[in-house]
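So you can see what is in the structure, the chains are spelled out below.
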Amino acid sequence: MGTQVKDVVIKPEAPNTLLLDKHADYIAAYGSKKDDYEYTLSEYLRMSGIYWGLTVMDLMGQLSRMNREEIIEFIKSCQHDCGGISASTGHDPHLLYTLSAVQILSLYDSINVIDVDKVVDYVKGLQQEDGSFAGDKWGEIDTRFSFCAVATLALLGKLDVINMDKAVGFVLSCMNFDGGFGCRPGSESHAGQIYCCTGFLSITGQLHKVNADLLGWWLCERQLPSGGLNGRPEKLPDVCYSWWVLASLKIIGRIHWIDKAKLRSFILACQDEETGGFADRPGDMVSSLWNCHIQFCICIYILHVISLGLAILYTELIILCGTFLPVLYISIQVDPFHTLFGVAGLSLLGDEQIKPVNPVFCMPEDVLQRIGLQPDLLN
Amino acid sequence: MHGRVKVKSTAQQEEEKRKEREKKLKAFVSARDAVLRKRSAGEHDEEALQLTQQLLSSNPDFATLWNYRREVLLQLETSREKDEVQKLYESELHFIEACLKVNPKSYGCWHHRSWVNTRLPQPDWTRELGLCDRCLSLDERNFHCWDYRRVVVKESGVSVEQELQFTDRLIGSNFSNYSSWHYRSTLLPQLHPQPAPDSIHSHRVCEEQLLKEYELAHNAFFTDPNDQSAWFYYRWLLGREEMISCVYVSRERERVSVAFSKPVHSEGLMLVLDGQPQQVEWRSTHPRLRHSPVWLCDLPPGSVSDISNEHNLTVHWTEKYTHRDCALYTGCAESWCRDSATDQELFRSELSVEKSSVLQAELQSCNQLLELEPQNKWCLLTIILLMRALDPLGHEKETLAHFQTLKVRKYYHYLNERYSGSRK
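Residues numbered from 1 in each chain as written. Chains lettered and ligands numbered in written order. Predicted model: local features only at pLDDT ≥ 70, side-chain atom pairs only at ≥ 80, totals over all residues. Heavy atoms only, no water.

(A) Geometry of the packing of helix α9 (residues 191-203) of chain A against helix α11 (residues 241-251) of chain A. All names here are of chain A. Relative to each other, α9 and α11 sit at 35°, their axes nearing to 9 Å. The interaxial crossing formed by α9 with α11 has left-handed handedness. In this structure, α9 contributes A191, G192, I194, Y195, T198, G199 and S202 to the contact, and α11 contributes Y241, W243, W244, V245, A247, S248 and I251. A breakdown of the residues in the contact of α9 with α11 according to their chemical character gives nine nonpolar, five polar and no charged. (Axes fitted to C-alpha atoms, helices over the stretch in contact; angles between N-to-C directions. Helix = DSSP H or I, 4+ residues; strand = E, 2+ residues; numbered from the N terminus. Left-handed = near helix turned anticlockwise from the far one by under 90°. Contact = heavy atoms within 4.5 Å. Nonpolar A, V, L, I, M, F, W, Y, C, P; charged D, E, K, R; others polar.)

(B) Region of interest: the packing of aromatic side chains. Under the defined criterion, the tally for this structure stands at 33 aromatic pairs over all chains. Taking the centre distance of 5.9 Å and the plane angle of 75° together, the rings of F177 of chain A and W236 of chain B count as edge-to-face. Placement of F177 of chain A in the loop between α8 (164-172) and α9 and of W236 of chain B in helix α11 (residues 228-238) is noted, with the two residues assigned to different chains. Relative accessible area serves as the criterion here: at 9%, F177 of chain A is assigned to the buried category. Taken together, the aromatic side chains of W52, F147, Y195, Y241, W243, W244, F337 and F341 of chain A make up a single cluster linked through ring pairs. Residue placement shows R46 of chain A over the ring face of Y39 of chain A; its charged tip is 3.7 Å from the ring centre. Its guanidinium or amino end placed over the ring of Y107 of chain B, R144 of chain A lies 4.0 Å from that ring's centre, counting from NZ or CZ. (Phe/Tyr/Trp six-rings, centres within 6.5 Å; stacked < 30°, edge-to-face > 60°. Buried < 20%, exposed > 50% of the residue type's maximum accessible area, 1.4 Å probe, protein only. Lys NZ or Arg CZ within 6 Å of the ring centre and 35° of its normal.)

(C) Local environment of the interface of chain B and chain A. Each partner contributes residues to the interface: chain B has 63 residues there, and chain A has 72 residues. Carbon and sulfur atoms supply 55% of the area buried between chain B and chain A, which totals about 6,500 Å² over both sides. Along the contact surface separating chain B from chain A lie six salt bridges. At the boundary of chain B with chain A, the tally comes to 20 residue pairs in polar contact (both at pLDDT 80 or more). Sorting elements by how many residues they give to the side of chain B that touches chain A places helix α1 (residues 11-40) of chain B first, with eight residues. (Buried area = accessible area lost by both parts, 1.4 Å probe. Salt bridge = Lys/Arg side-chain N within 4 Å of Asp/Glu carboxyl O. Polar contact = N/O pair within 3.5 Å; in protein donor to acceptor, adjacent residues only side chain to side chain.)

(D) Structural detail: the pattern of salt bridges. Here the structure, examined in full by the defined rule, presents 38 salt bridges over all chains. For R141 of chain B, the salt bridge goes to E188 of chain A, with nearest N and O atoms at 2.9 Å. On the criterion of chain membership, the pair formed by R141 of chain B in the loop between α6 (125-138) and α7 (143-156) and E188 of chain A in the loop between α8 and α9 is interchain, its members lying in two chains. Judged on exposure class, the residue R141 of chain B and its partner E188 of chain A are both buried. Close ionic contact of R127 of chain B with E128 of chain B constitutes a salt bridge, the shortest N to O distance being 3.2 Å. Each of K38, E43, D45 and E47 of chain B takes part in salt bridges that share partners, so that together they form one network.

(E) Seen up close, the side chain of S132 of chain A. Residues and elements named next belong to chain A. As for its position among the elements, S132 is in the loop between α6 (116-125) and α7 (143-156). Residue S132 is classed as buried on the basis of its relative accessible area, which comes to 1%. One polar contact links S132 to D130, side chain to side chain, over a distance of 2.6 Å. Apart from the residues within four sequence positions on either side, S132 is in contact with L126, Q127, I141 and F170.

(F) Representation of the pairing of strand β10 (residues 334-337) of chain B. Residues and elements named next belong to chain B. Only one face of β10 is covered, namely the one carrying S335 and C337; the face carrying E334 and W336 has none of its residues buried. Pairing between strand β2 (residues 244-250) and β10: four bridges, direction antiparallel. Residue V249 lies in a different strand from β10, and its bridge partner there is S335. (Pairing = 2+ DSSP bridges.)

(G) Up close: helix α12 (residues 260-269) of chain A. Residue and element names in this part refer to chain A. Every buried residue of α12 is accounted for by L263, F266, I267, L268 and A269. On its buried face, α12 sits against α11, β1 (278-279) and α15 (336-348). Taking the backbone nitrogen of A261 as reference, a side-chain oxygen 3.3 Å away marks D259 as the first, capping residue of α12.

(H) Here's a closer look at the UniProt feature "domain: Prenyltransferase alpha-alpha toroid" (unreviewed entry) in chain A. Here, UniProt's "domain: Prenyltransferase alpha-alpha toroid" (unreviewed entry) annotation points to residues 18-287 and 333-363 of chain A. The span residues 333-363 of chain A carries 42% helix and 16% strand; its end-to-end C-alpha distance comes to 25 Å. (UniProt positions renumbered as here; feature names shortened; annotations may be inferred.)

This is the structure:
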């Protein structure tokens, strides 16, 4: 009886202090090598990638290190005739990247470099009969897009153009037995969707529709023994859920149900001390010497059995050591996505080295204050 | 971006890897540029399908390519006969399946498959259901597949009973089965709704089925007390539904007010006065509010104004198979009607007290389990909730003791504080 809880183990050598300067250097340099493999293959989400990078730099007070003019020109080149904005040049417009673009321009207080009225028309045009929003003209429906729509319009001060009642009705129809939300009616609860739906309900002033105690319980049960948070039951923890789960809890007024100290140490353990940046989960230090010793012994035994000459044995040993010894440890790859959500999560937990972050928009609070946006939160 | 591993290795291996990546990158960039060039030139032909096929197999999240592919397919449709169109889209389904093998979690892939089925002259829903079965057997938690399955089931008219049996099989055979329990929670109310018109507190499910569900949940958490999915589901079973908490009638204002335990929609609200259904318009406290905890309507003029007449009102809420009666007696200018137990129920806990014998039996089961697993937090929490629903004062000591065991979790502190407020 008793199944193992799916979780990670944080090694004692894992980072336990916040390496903000390293992260700023990592982001500032990211994308400067335009021939980087990962960078090129992620072109399909470039606009969001820029939003992640800029937001985390702003949260760390380092926004000035980014190339504002180049980015603004890039965004201008991504607005299509229909008003929608694409992830990159030559790609098709989509609500996801329209929101990211509007968020970036809000950070830079340059919203008018694009045709705002057309953006509003584009968003409005994606609302369906049942109140839901499609991501683009090809019709994929998802509550993520409901969030993108209202967040975009809220940042532009144009929430009144859509059918609000129906939009709210659709999102509420995605509420599940556990108090959570999924992509579409009937879809399983997932922390990412819950973030989008509670964010949506906050922007539209409908948070009272949420069963805060029930949902808060489901959300706080995302915390595992390692301190990290997963996105739904029986899944591994991931630093991006430090954002989605935590922000949702903050929105519904239940953030104190998380063990903050344990979560903080999990997030810090996800840092890469060498390169800067955060990975999805802590690096895993394999005991190098022990592994090599075992492999070495096995090889010696085999060699004895085969009875090779001494000189050959000697050579073999050198080759073996050369092959096995360097496999010292395995660590996980960092990226701007996990870096933003690691830092934003720490901000929500109260780290004073980081600017306060707004839990609904995942943008610095001072930017939203400048715009005059104060979405509701439950307490 | 998730779950990628960086492995340190020798300088030689690094160099080899770098060369290989450079090669891959060059190939990707040239294919990508070729495709985007073709698209700008407005070319919608077989070559476009070939080029996008190459790229999408290993880059299924490159959404623009799926869009281009759809444009090409739509164009090709216009010059083909129905049976050729059928073949065209069937081969598209083969291609998508190959992509799904590489990446079963790509939003783009699954959406494209749904789209293809809207273009197919003759979709084969049996095959699609089979695909879902296979996909779920590899990963029962793949929500993309579950969502697609829901579409298939709806389009092909698969029965709710059949799907319930499907969840039975999965729950019985898998450790990580939250998705199945979740699906069950959406299927049951469709199959076994609470029969009208008797109950005041409606469960989501009629009592007979409810008892079967309790048994199913028991089997799950007795087999594995750490199977948290079963506990979440169990808590839902014990939970309360939206209900009419109060009805108020005023002779003078000729108005009826209905209060609910949480914000609801007015669809399905019906008023019956002295056995006669009334044509009324329901309004909420806010003109634009479609979800409201309170709904009002005006009675036909003169219908209740004579204070010497007694009247019987019933508010039916057909959506939840529930109703509330309200008697307006002779000589009374107004009338309130609510359960005397209601306030305490709403105050005490979220659990229904209607069938206390059922809850008592549940409490016994859980206590049995607690003897085997004294530290199991799921069990402890459920026991606390059950005790409070049944007899909060009588169980006060035990409740406190269990809270101590639950120790650190802040949520349980909160519950403890909330409940201790009611103890005073």
